[in-house]
Amino acid sequence: VMQVIFAGSLAFEILDRLTGEWSVVHTNWARAYIVDPFMSKPLVWFIISMMVWFGVGTGVFTLMRDLNDKTAGVITYRVKVNKSIDLNALDGYLSRKAVVAEDGDADALNANQKVSWVERDPSKWEGYQPKVEMIYDVKHGFLLGVYLQVTRRASKPAKLRPETLKMRFFTELQEAGVMAPDDAAEVIDNTRRRQTREGEMVAVEEAAVFLKVKVPGERHYREIPFGRQSYLELREEIAHKFDCKPVQVAQVFKEPDILIADDDDVSRLRPGTVLEVNIDKRGGKKYAPASLPAPP
């Protein structure tokens, strides 16, 4: 853009030096509306030229700064996976993606394929559209590595953390049947072995990459992916797990009786947290909150 602007300015300057002035000033309308009121008076045209120069320069500077700000903030996550995958499920998964590049590298032992795409549904990624690059072995059916990148505005706080970005992607692979649940959980858990809490390092349970959810009276728990960043998303996950509508999820409690009511409450949850929910059934019957039994 700047090269085009510079080239246009240079061309106009050369033409101005060859002719001495623009031919438009010899027309009747230009003489009446431009030459006589502005150009024939001392310093008036110079001041107008400086004002136009300042206005155009400010506009170009503002535009370039805004374009740079849109791409200056970057969130990236590179994961070494080395887990088996279902190639048929992967083909179906990739058919739903807007793949922009594919690359193959084969030898006598391996046949690696690299594929990349940009996610088209910002609602799943807090308004972002992550770029995903996946490398897998077609010959042996192994996912070797994944590279995730989000471009965001540098002037605004990030809505998505790298850990959450990775968590949501591998949860999506699991739901699509590309990876086995145990393998997906292990990949997520490998980078969540230890977390900081009140200045101390706390070990995270081996399989604690889910939230445990139950309704009063049930003896077993149901698991939903950990990492949801808002209260609405948490309710949607619970509704999906209990086969009901999000509006029917009346209340969510954390053991023993702490009400989860907003995004801040959700952000304080930890992997493996036990939640108890009250769900309104079709007939209007509501489960009453009860104390949680110890997990089996």
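Our subject is the structure that appears above.
What counts, and where the lines are drawn
Residues numbered from 1 in each chain as written. Predicted model: local features only at pLDDT ≥ 70, side-chain atom pairs only at ≥ 80, totals over all residues. Heavy atoms only, no water. Pairing = 2+ DSSP bridges. Helix = DSSP H or I, 4+ residues; strand = E, 2+ residues; numbered from the N terminus. Axes fitted to C-alpha atoms, helices over the stretch in contact; angles between N-to-C directions. Contact = heavy atoms within 4.5 Å. Phe/Tyr/Trp six-rings, centres within 6.5 Å; stacked < 30°, edge-to-face > 60°. Buried < 20%, exposed > 50% of the residue type's maximum accessible area, 1.4 Å probe, protein only. Core = buried A, V, L, I, M, F, W, Y, C linked by side-chain atoms within 4.5 Å.

Once that is clear, we can look at the sheet that holds strand E12 (residues 274-279). Spatial strand order, E9-E8-E12-E10-E11: 5 strands in an open sheet with mixed pairing. A strand with exactly one partner marks an edge of an open sheet, and here the two such strands are strand E9 (222-225) and strand E11 (258-260). Strand-to-strand twist of the sheet, defined as the mean angle between neighbouring strand axes without regard to direction, takes the value 40°. Alignment of strand E10 (residues 249-254) against E11, held across 3 bridges, turns out to be antiparallel. Its bridge partner being in E11, Val252 is matched across the sheet by Ile260. Along the sheet, helix H7 (residues 231-241) contacts strand E8 (210-214), E9, E10, E11 and E12; its crossing angle with E9, the most-contacted strand, is approximately 140°.

We now examine the sheet that holds strand E2 (residues 99-106). Taken together, the 5 strands give an open sheet; going across it, the order is E1-E5-E4-E3-E2, and neighbouring strands pair in antiparallel fashion. Each having just a single partner strand, strand E1 (73-84) and E2 make up the two edges of the open sheet. Sheet twist, expressed as the average angle between the axes of neighbouring strands with direction ignored, equals 10°. Sheet contacts for helix H4 (residues 87-94): E2, strand E3 (111-118) and strand E4 (131-137); angle to E4, the most-contacted strand, approximately 155°. Against the sheet, helix H5 (residues 162-175) makes contact with E1, E3, E4 and strand E5 (142-152), and its axis sits at roughly 40° relative to E1, the strand it touches most.

The tally for this structure, following the rule as stated, stands at 3 aromatic pairs. For the pair Tyr93 and Trp117, a centre-to-centre distance of 6.0 Å together with 75° between the ring planes defines the contact as edge-to-face. Taken together, the residues Tyr93 in helix H4 and Trp117 in strand E3 connect sequence positions 24 residues apart. Assigned by exposure class, Tyr93 and Trp117 land together as buried. An aromatic cluster is built from Tyr93, Trp117, Phe169 and Phe170, whose rings are joined through pairwise contacts.

Looking now at the nonpolar core. If you look at the biggest cluster of nonpolar residues, it comprises 50 residues, and the most contacted ones within it are Met134, Leu143, Phe169, Phe170 and Met179. At 5 residues, H5 tops the list of elements feeding residues into this core. Discounting chain neighbours no more than four positions away, the residues touching Met134 are Leu90, Gln113, Lys114, Val115, Trp117, Leu143, Gly145, Val146, Phe169 and Leu173.

Attention now moves to the pairing of E2. Burial analysis of E2 places just 0 of its 8 residues in the buried class, which makes it a mostly uncovered element. Here E2 runs beside E3; their pairing, made up of 7 bridges, is antiparallel. Within E3, the position partnered with Asp105 by the bridge is Asn112. The loop that links E2 with its antiparallel partner E3 comprises 4 residues.

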